[in-house]
Amino acid sequence: MADTSKTVEKAIRVLEELGASQWSTPQELSTRLGLSRTVVQRLLLTLHQREFVTRENGLYRLSTRLRVIADVVLRKLRAASHNVVRELSEDLRETVVLYVADGADVVVLDEALTAQDHLTCVRHEVGARVEMLSSAGGLALLSGAEPSTRTWVLRASGAGDKVTAELAAIEEQGFVAMRDRPYRGISSLAVPIIGPEHHAVASLAVLAPTARVSAVDNALPRVRRATTRIADVLKRDAAHPQDS
């Protein structure tokens, strides 16, 4: 079982690297991942046979099939979270954002700002991208991610022991709060959304001008309840896929 788990983790690392770098040769993957070329070629052969990667002239990239699978997962996540995101925004009277990972970044999958009773507000529109290690949403997601994903992002970002320790602390407390990061004048609080496989699949964040930082600081219990609601729907869909 342990050997099987290690093989799966190496295969995931290969897929993550391909997702970040597009076309790559086995030698390039071997160098970047710190794995022997023989191991990488064996993994690529299996992934190619299962149609998870495409091969052309000795180069490999993620296949359309894998991207379709990922799109299905994102659609389910968006469906599970759509109402929750808007209800939370209405409750807090602030911007609520759903983040998903994309390489070493996080991307906004959904955003809600249902209240318009403030003179100033924060917008982080769908499709916007920010470096994972520089945002509350990114750090929250990464703190609960699979070990291989966390290792890859830390290595790709050149992060040191300080960030590793920060992630461990975030994982223990279960949330991230930031003030004036990554943008001056904006405060945020984020909580990971744990999927059926017991790893973070997204994060939910509330964003507000730092002048209203108390609203962010007081939002934690409600953001946690919201992430639990989303996680419960994802688990139910995974247990009864025919009903979703």
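This text follows the structure it describes.
Residues numbered from 1 in each chain as written. Predicted model: local features only at pLDDT ≥ 70, side-chain atom pairs only at ≥ 80, totals over all residues. Heavy atoms only, no water.

> Quick rundown of the overall build of the protein? Include the residues and the values.
A count of helical and extended segments in the protein gives nine helices and eight strands. Taken over the C-alpha trace, the protein has a radius of gyration of 19 Å; the compact-globule value for 244 residues is 18 Å, and the two agree within 12%. Overall size of the protein, expressed as C-alpha extent along the three principal axes, is 60 × 45 × 35 Å. Buried residues in the protein amount to 44% of all 244 residues. Partitioning the intrachain contacts of the protein with sequence separation of at least 6 by distance along the chain shows that 58% fall at a separation of at least 24. Surface accessibility of the protein: about 12800 Å² in total, with carbon and sulfur atoms responsible for 52%. Charged side chains of the protein number 31 positive and 30 negative; the gap between the two group centres comes to 3 Å. (Helix = DSSP H or I, 4+ residues; strand = E, 2+ residues; numbered from the N terminus. Rg over C-alpha atoms; globule rule 2.2 N^0.38 Å. Buried < 20%, exposed > 50% of the residue type's maximum accessible area, 1.4 Å probe, protein only. Contact = heavy atoms within 4.5 Å. Areas by Shrake-Rupley, 256 points an atom, 1.4 Å probe, with all protein chains shown as cover. Lys, Arg positive; Asp, Glu negative; His and termini not counted. Charge placed at Lys NZ, Arg CZ, Asp CG, Glu CD.)

> Let's hear about the pairing of strand β7 (residues 186–194): which residues, and what values?
With eight of its nine residues buried, β7 lies for the most part within the structure. Here strand β6 (residues 176–179) runs beside β7; their pairing, made up of four bridges, is antiparallel. Residue pairing in the sheet places A177 in a bridge with L189 of β7. Connecting the antiparallel pair β6 and β7 is a turn made up of six residues, with D180 showing a positive phi of about 60 degrees. Where β7 lies against strand β8 (residues 200–209), nine bridges are found, and the strand directions are antiparallel. The residue of β8 that forms the bridge with V191 is L204. Here β7 hands over to β8 after five residues, with H198 in that stretch at a positive phi of 70 degrees. (Pairing = 2+ DSSP bridges.)

> Describe the sheet that holds β6, listing the residues and the values that go with them.
Spatial ordering of the open sheet is given by β5-β4-β3-β8-β7-β6, a layout of six strands whose pairing is antiparallel. Each of the sheet's edge strands pairs with one partner strand only, and the pair in question is β5 (129–131) and β6. Recorded for the sheet is a direction-independent mean angle of 30 degrees between the axes of neighbouring strands. Bridging between strand β3 (residues 95–102) and strand β4 (residues 105–112) involves seven bridges; their strand directions are antiparallel. Directly across from A101, in β4, lies its bridge partner V106. (Axes fitted to C-alpha atoms, helices over the stretch in contact; angles between N-to-C directions.)

> Explain the environment of L47 residue by residue, including any values.
Mapped onto the fold, L47 is located in helix α3 (residues 37–49). The sequence separation of L47 and L15 amounts to 32 residues, and the corresponding C-alpha distance is 8.8 Å. The contact partners of L47, leaving out residues within four places of it in the chain, are A11, V14, L15, F52 and V53.

> Just give me the short version of the pairing of β4, but keep the residues and values in it.
Counted residue by residue, β4 has seven buried out of eight residues, so it is predominantly covered. The pairing of β4 with β5 spans three bridges and is classified as antiparallel. Among the inter-strand pairings, D105 is bridged to a residue of β5, identified as E131.

> Can you lay out the side chain of T95 for me, pointing to particular residues and giving the numbers?
Within the secondary structure, T95 sits in strand β3. Polar side-chain contacts of T95 include one of 2.4 Å to the backbone oxygen of V122. Setting aside chain neighbours within four positions, we find T95 in contact with E111, A112, L113, V122, A205, V206 and L207. (Polar contact = N/O pair within 3.5 Å; in protein donor to acceptor, adjacent residues only side chain to side chain.)

> If you had to explain the packing of helix α2 (residues 26–33) against α3 to someone new, which residues and values would you point to?
The N-to-C vectors of α2 and α3 enclose an angle of 120 degrees; their axes lie 9 Å apart at closest approach. The angle between the axes of α2 and α3 places the two elements in the oblique class. Along this stretch, α2 crosses α3, giving a crossing that reads as right-handed. Where α2 abuts α3, its residues P26, Q27, L29 and S30 lie against R37, V40, Q41 and L44. Residue composition of the contact of α2 with α3, by class: four nonpolar, three polar and one charged. (Parallel < 35°, antiparallel > 145°, perpendicular 65-115°, else oblique. Left-handed = near helix turned anticlockwise from the far one by under 90°. Nonpolar A, V, L, I, M, F, W, Y, C, P; charged D, E, K, R; others polar.)

> So, the nonpolar core: which residues are in play, and what are the values?
Y99, L133, L139, L142, V153 and V176 are the most contacted members of the largest nonpolar core, which has 27 residues in total. Contributing elements (two or more residues each) for this core: β3, β4, α5 (136–143), α6 (147–157), α7 (161–173), β6, β7 and β8. If you tally residues by element for this core, the top one is α5, at five residues. Residues in contact with L133, not counting those within four places in the same chain, are L139, L142, V153, L154, S157, A159, V163 and R181. In terms of nonpolar packing, the next biggest core, distinct from the first, is built from 26 residues, A80, V84, V100 and L109 among them. (Core = buried A, V, L, I, M, F, W, Y, C linked by side-chain atoms within 4.5 Å.)

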